[in-house]
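Listed below are the residues making up each chain.
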There are 4 protein chains.
Amino acid sequence: MKTRIPLFALIVISFQAFSQHTLRKEINFPDIEGYHTLKCDFHTHTVFSDGKVWPTVRVDDAWRMGLDAISITDHIEYQPHKDYIPTNHDAGYEIALPHSHETNLILIKGSEITRHMPPGHLNGIFITDSKKLETEAVRKYWETGETDTVRDALDYMKPIEEANRQGGFVFWNHPGWASQAPNGIKMYDVHKDLIKKGLLKGVEVVNWDYWYPEALDWCIEYNLTVMSNSDVHEPSGTFLEMADNTHMPVTLVFAKERTEAAIKEALLAGRTAAWFEDKIIGKEEFVDPLVKACIKVNKPHYVSENGTKYVLVENLSSCDFTLVNDQQTLHLKGDNSVLLTYGKDESEKKFTAKNVFITSDKNLDVVLRY
Amino acid sequence: MKTRIPLFALIVISFQAFSQHTLRKEINFPDIEGYHTLKCDFHTHTVFSDGKVWPTVRVDDAWRMGLDAISITDHIEYQPHKDYIPTNHDAGYEIALPHSHETNLILIKGSEITRHMPPGHLNGIFITDSKKLETEAVRKYWETGETDTVRDALDYMKPIEEANRQGGFVFWNHPGWASQAPNGIKMYDVHKDLIKKGLLKGVEVVNWDYWYPEALDWCIEYNLTVMSNSDVHEPSGTFLEMADNTHMPVTLVFAKERTEAAIKEALLAGRTAAWFEDKIIGKEEFVDPLVKACIKVNKPHYVSENGTKYVLVENLSSCDFTLVNDQQTLHLKGDNSVLLTYGKDESEKKFTAKNVFITSDKNLDVVLRY
Amino acid sequence: MKTRIPLFALIVISFQAFSQHTLRKEINFPDIEGYHTLKCDFHTHTVFSDGKVWPTVRVDDAWRMGLDAISITDHIEYQPHKDYIPTNHDAGYEIALPHSHETNLILIKGSEITRHMPPGHLNGIFITDSKKLETEAVRKYWETGETDTVRDALDYMKPIEEANRQGGFVFWNHPGWASQAPNGIKMYDVHKDLIKKGLLKGVEVVNWDYWYPEALDWCIEYNLTVMSNSDVHEPSGTFLEMADNTHMPVTLVFAKERTEAAIKEALLAGRTAAWFEDKIIGKEEFVDPLVKACIKVNKPHYVSENGTKYVLVENLSSCDFTLVNDQQTLHLKGDNSVLLTYGKDESEKKFTAKNVFITSDKNLDVVLRY
Amino acid sequence: MKTRIPLFALIVISFQAFSQHTLRKEINFPDIEGYHTLKCDFHTHTVFSDGKVWPTVRVDDAWRMGLDAISITDHIEYQPHKDYIPTNHDAGYEIALPHSHETNLILIKGSEITRHMPPGHLNGIFITDSKKLETEAVRKYWETGETDTVRDALDYMKPIEEANRQGGFVFWNHPGWASQAPNGIKMYDVHKDLIKKGLLKGVEVVNWDYWYPEALDWCIEYNLTVMSNSDVHEPSGTFLEMADNTHMPVTLVFAKERTEAAIKEALLAGRTAAWFEDKIIGKEEFVDPLVKACIKVNKPHYVSENGTKYVLVENLSSCDFTLVNDQQTLHLKGDNSVLLTYGKDESEKKFTAKNVFITSDKNLDVVLRY
């Protein structure tokens, strides 16, 4: 007869430990007119492809670092851990989901479709069934290095169409990655064709510790959505050390609500910007109101005898700004303020924000008017 | 005949350098019902007594560190730099004032009356003429070590009365300072007498890197105002290294407005608390609403199948809180959030805030109710 | 016919990325007479039990943080990831080993034997075949909660004997862990019996963010080896945030060489100490020479007219020391120096090192003699 | 009759407080063959001209920040504090000297000769009598803006000759300072003449938060000594915030001993280099051996099956290095190590040190050979 005794009190009530011991530090970016400014990372990995962490770590890290939404996007084809972990394209999402509910993080289902260039690597997010993105011939080729026909091994159309069929939003990852673009970044006809067919809607202007100025211009020319993702494989803390950075790359999404559906709507409408190192990168129509919301110019608090006005300029965001004109260079650190003096008849100062890019070679102009 | 040529272009337009290059980082403490929470330091020194910095440095440091108001309170009697700097009791205020206007810092005129214990050292702030606090016999004694009568050398009543006559607010500094209280902190009859006469209205519960629990009890018993000051002599950055701290001691003043007059009214009404290291110290009537304003308990964002509710608790202040009960210890770092879980039928959790003192040996109770 | 084309250039040449981008920061502890001072962590987890990281991350983190040796000690019995990862007790070591060679880290094979108290959890390290530590009845009980007999489910002797048979060094983990010692830490007869039989040779005086003073006394009384381990499950960076610490717990091993064999010899001989937060904890015979090596008192560099001697005291270690006597409190931060003054006829100063424990309630005495 | 009572126990035994509470953190730069590498700052200010701190603060800050030697070099002519502090050109040295003895810092007497461009501002150090550098006509002009003849007001020859007569070493400060070089940095005939006469022997290649590449070329062409100084007016901690830096500019002096005389000999012999931000700047003959001493390439600790060798490269200095070649970019942070892989038949790697300048536009080549 079987005996039943209470299970060992192992207390791996990991959430409890998590909730008591970890801290969330918000990233500050003000909302813009009509939209919430959400902080998102749509490209991350776990042990279920070539990442180094358990899926819940992605949620923990994102929570601690102040994000609103992430997607776990393991490679469908590249499975270097398969000797130890059976391929399971849905595991990352499945395991991380409960923890995302607990932490109020929006978790978006995704996968990375992994091909030679072109088209290179592409993420499909907001998909519903990752397994269907797997192509038998490609899988076999990856495992054995053999293929019946080259065409089979390279086929990319099926998973891209499948991702779109599932309602997914597909974007092109790290277009200038040296391994796939040894002669420099370029857009192929393959991509133009995918864009024309409505199958490819965004491109990473930022990936890991690089940004691709040309990709920003493509976003403008081809009406693509600006994406800025970490592509993190390591624990996020290690990523920051390796990339010598103080925050992860973030896609700022200007969404009507803080919901998964609203994020999707915003991505489809192209309402995003990149936050990378001390840079804000994106289309002027979104970057301009964002920067205006970030930098608050107060009324003068003092006027000296000779008419000089003393003005407090506050940076309401976590982003460091560098504002330059002929007269001066202002380093306006995140969450800090500076003092400015305005002459007797002066009520505005014009600067160029050297850290804000609205095309590959154009910075945003900023007027500080009190 | 005299020739006039343009003065050397030395460009010691120090304000311009200051405004372009230094940053202010706010200290976060929410306002409480009916009052602004102002961050103040009423005890600092400059080269005009035994301090190590030019008066404008006090303003610069206070501005950078997020304060609203300071007082420069050089010793009247102790003048160790007098071989190089002629005694000038008004110089600190005079030199710092223009820069305080430029930086929108409230500068309060003050002086430190320096005697043996009792009564020890006392600050008079909101005074109008520091020179009148100087007693000839005391000055002479300080300079020569000689005195006509001991009584003359020790006289303290005149400057205290004079400070009060000028409308000053007088408080007792570092009552437990080892040099003057080698056998431990105690209140003398001299102090009780001064209090009874309405000449002494506050006491430093915090000075430099010490806090005096007994002094908190005196504030309650004798209706004194809680003061928490740095007594900084060095540059503030060096102070922080020496005291192994991340912020200066601050007197939180609950004032009707951000004006000098409103600060004075609040000090007279006893509406203050101390922020020292990770501690908030003061009378319960002010500390309780402050802590309630600092810790925001959100509505549950998720309820699990078994009814567990997940709640985000935000620390809206720069102060680190340590909340303890039988079940758990919460380290709620400044400007960070934690997650808490509430049971199916639970809507509040009771804690003791180990870092918040409302008497010498009593911590504030805190209820986290969503 | 099969075609062979070059494998996708995925460039997950992770070592190359690692070597170019990550940095190692040494932990400084001087050697002591006759021995190298090695920095080790003998208790860590990976995804192959309830840890959150891939085994190579343990090597990466240890390398970056300046360790010499680690052991990966996944639970034999507790396998919460088994729905996704087939149980494989040797996987952690197998996967991490090549990377340990590359980084010159000593990787020691180990496993955690996981039982109710007594005896609680025990690590076997320097073992050769983890799989043999698995007991069928226990495994079954863990998976189903059912057991033929309670005795079977609780049996602990077999794996402990097996670990010793393999040449393993077995020690008791977190003896005061609240989940297994709700009424406080205590040593059971079971432990005494294991010690007497020579099957249990060490105990964790430090685990995660706790230290157990009683366990230090046991080490002295029962001649056990002092162990100080992280028991890290998360990425190490997250551990440090959760434990609010700046370094991981470290077992300092005084070894004849920097080899696995020498570490084993040292553990068997009991030549260790714990470094935890700012504390050094261990038997006086090892802690005393270590502290003497850490704190260097220089010859006076200046003698004033009145005979006062000025002396530079250097902390050659990464550990912060707090030295106290009647006169003064010295905070001697890691890798920093302080100045001391010695009187005319004084050539030594006696202190108690408040951060150095040689029994549960006794600090090391330190003489600073120039 | 006079009475004598013990002086008030004010305990401004500031050294004692200093020695107990402040910490010195060494700057790490290895010695080079035949010379000690000393860390020096030959340009600082105090309240005795336009500086903001008491002279002892310069010693305190230098001690804490790991320097070996400093010079206090207040302006002779520019005395903006004279309404409060009587001009006293020797006060800075006089006041700071005892504290420099206590802290074992080498204090070098100096003054800043302050003129229009050319020749601009020049420091005379190792002088013996600052007062003799004052020119009556210039002083009067500074005070009143009036002068009998323009020539008198601008005269610079007398103080330069006087400084040299006293055995002083005279160098040109911030040659490219925007206020005096609005059209860009250039060397005037005045300077060439001074150099030819042996009256001017060095130039600041670094001042505050700028470096002047052209000045490095002048050092080579005219055999001038490379100087790198802070010109700090504020407390050093504030300087670091304003200049957004983690250390002060340092002149590395390669001296036969750690004495004032040896520093002077080294400056006369031109044996210096600049450490500024992450840059080392100087003549190749000194910079090359320094960098070789900083970067230690160990023997391979592991050779993989395919012959790849794994090598630890240690940075023994506090300076961050950036080494670049066609293959890779190495960020070798101060006091950290990296791992490198060498191919089967490879025993050296060639890099260019992007942070090390040996002319205005040439970086040092570095070979990492094990």
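Source: prediction; values computed, not measured.

Some thoughts on the overall build of chain A
- When helices and strands are counted, chain A shows eleven helices and 21 strands.
- The C-alpha atoms of chain A give 23 Å as radius of gyration, which agrees with the globular expectation for 370 residues (21 Å, within 12%).
- Structurally, chain A occupies a C-alpha span of about 90 × 60 × 35 Å along its principal axes.
- Burial statistics for chain A: of 370 residues in total, 61% are counted as buried.
- Considering only intrachain contacts with a sequence separation of at least 6, the fraction spanning at least 24 residues in chain A is 66%.
- Approximately 14,000 Å² of chain A is accessible, and the part contributed by carbon and sulfur atoms is 48%.

Let's talk about the pattern of salt bridges
- Enumeration over the complete set of coordinates arrives at 77 salt bridges over all chains.
- A salt bridge links A:D129 to A:K132; the shortest N-O distance between them is 4.0 Å.
- Take A:D129: its relative accessible area is 23%, and that puts it in the partly exposed class.
- In this structure, the salt-bridge partner of B:K197 is B:D193, at a minimum N-O distance of 2.9 Å.
- Assessed through its relative accessible area of 31%, B:D193 is described here as partly exposed.
- A network of salt bridges, in which partner residues are shared, links A:R58, A:D61, A:R64 and C:E241.

Focus on the relation of the copies chain C and chain D
- Each copy of the sequence occupies a distinct position, and chain C is placed on chain D by a rotation of 180 degrees and an axial shift of 0.0 Å, giving an RMSD of 0.0 Å. The relationship between the two copies is best expressed as a two-fold rotation axis. No C-alpha of chain C lies nearer the rotation axis than that of C:D335, which sits 5.9 Å from it.

Topic: the arrangement of the chains
- The two units chain B and chain C never meet; even their closest C-alpha atoms stay 9 Å apart.
- When C-alpha atoms are compared, chain A and chain D, though not in contact, are closest at a spacing of 9 Å.

Quick look at the interface of chain C and chain D
- Counting from both sides, the interface comprises 29 residues of chain C and, opposite them, 29 residues of chain D.
- Around 2,700 Å² of area is buried between chain C and chain D when both sides are counted, 57% of it from carbon and sulfur atoms.
- The interface formed by chain C and chain D includes zero salt bridges.
- One can count six residue pairs in polar contact (both at pLDDT 80 or more) joining chain C with chain D.
- Elements represented by at least two residues in the side of chain C that touches chain D include exactly α1 (14-21), α3 (91-103), β16 (309-315), β18 (329-332) and β19 (337-342) of chain C.
- Among the residues making up the side of chain C that touches chain D, the classes are represented as eleven nonpolar, 13 polar and five charged.

Description of the confidence of the model for chain A
Residue and element names in this part refer to chain A.
- On average, residues of chain A carry a pLDDT of 93, and 94% of them reach 70 or more.
- The model gives residues 8-14 a pLDDT under 50, and that stretch makes 20 contacts with residues more than four places away or in other chains.
- Scoring of the predicted complex yields 0.95 for pTM and 0.94 for ipTM.

Looking at a positive patch on the surface
- On the surface, a cluster of positive charge is contributed by A:K25, A:K333, B:K25 and B:K333.
- The residue B:K25 is located in the loop between α1 (14-21) and β2 (36-41) in this model.

A few points about the packing of helix α2 (residues 55-64) of chain D against helix α3 (residues 91-103) of chain D
Residues and elements named next belong to chain D.
- The contact between α2 and α3 brings their axes to 7 Å, and the two run at 30 degrees. When the axis of α2 is compared with that of α3, the two are roughly parallel. For the crossing formed where α2 meets α3, the hand is right-handed. Contacts between α2 and α3 involve P55, T56, V59, D60 and W63 from the former and G92, I95, A96, H99, S100 and T103 from the latter.
- Its residues assigned to classes, the contact of α2 with α3 shows five nonpolar, five polar and one charged.

What counts as what
- Residues numbered from 1 in each chain as written.
- Chains lettered and ligands numbered in written order.
- Predicted model: local features only at pLDDT ≥ 70, side-chain atom pairs only at ≥ 80, totals over all residues.
- Heavy atoms only, no water.
- Helix = DSSP H or I, 4+ residues; strand = E, 2+ residues; numbered from the N terminus.
- Rg over C-alpha atoms; globule rule 2.2 N^0.38 Å.
- Buried < 20%, exposed > 50% of the residue type's maximum accessible area, 1.4 Å probe, protein only.
- Contact = heavy atoms within 4.5 Å.
- Areas by Shrake-Rupley, 256 points an atom, 1.4 Å probe, with all protein chains shown as cover.
- Salt bridge = Lys/Arg side-chain N within 4 Å of Asp/Glu carboxyl O.
- Least-squares fit on C-alpha atoms with pLDDT ≥ 70 in both.
- Buried area = accessible area lost by both parts, 1.4 Å probe.
- Polar contact = N/O pair within 3.5 Å; in protein donor to acceptor, adjacent residues only side chain to side chain.
- Nonpolar A, V, L, I, M, F, W, Y, C, P; charged D, E, K, R; others polar.
- pLDDT = per-residue confidence, 0-100.
- Patch = residues over 30% accessible without salt bridge, like charges linked within 9 Å, V, L, I, M, F, W, Y side chains within 5 Å.
- Lys, Arg positive; Asp, Glu negative; His and termini not counted.
- Charge placed at Lys NZ, Arg CZ, Asp CG, Glu CD.
- Axes fitted to C-alpha atoms, helices over the stretch in contact; angles between N-to-C directions.
- Parallel < 35°, antiparallel > 145°, perpendicular 65-115°, else oblique.
- Left-handed = near helix turned anticlockwise from the far one by under 90°.

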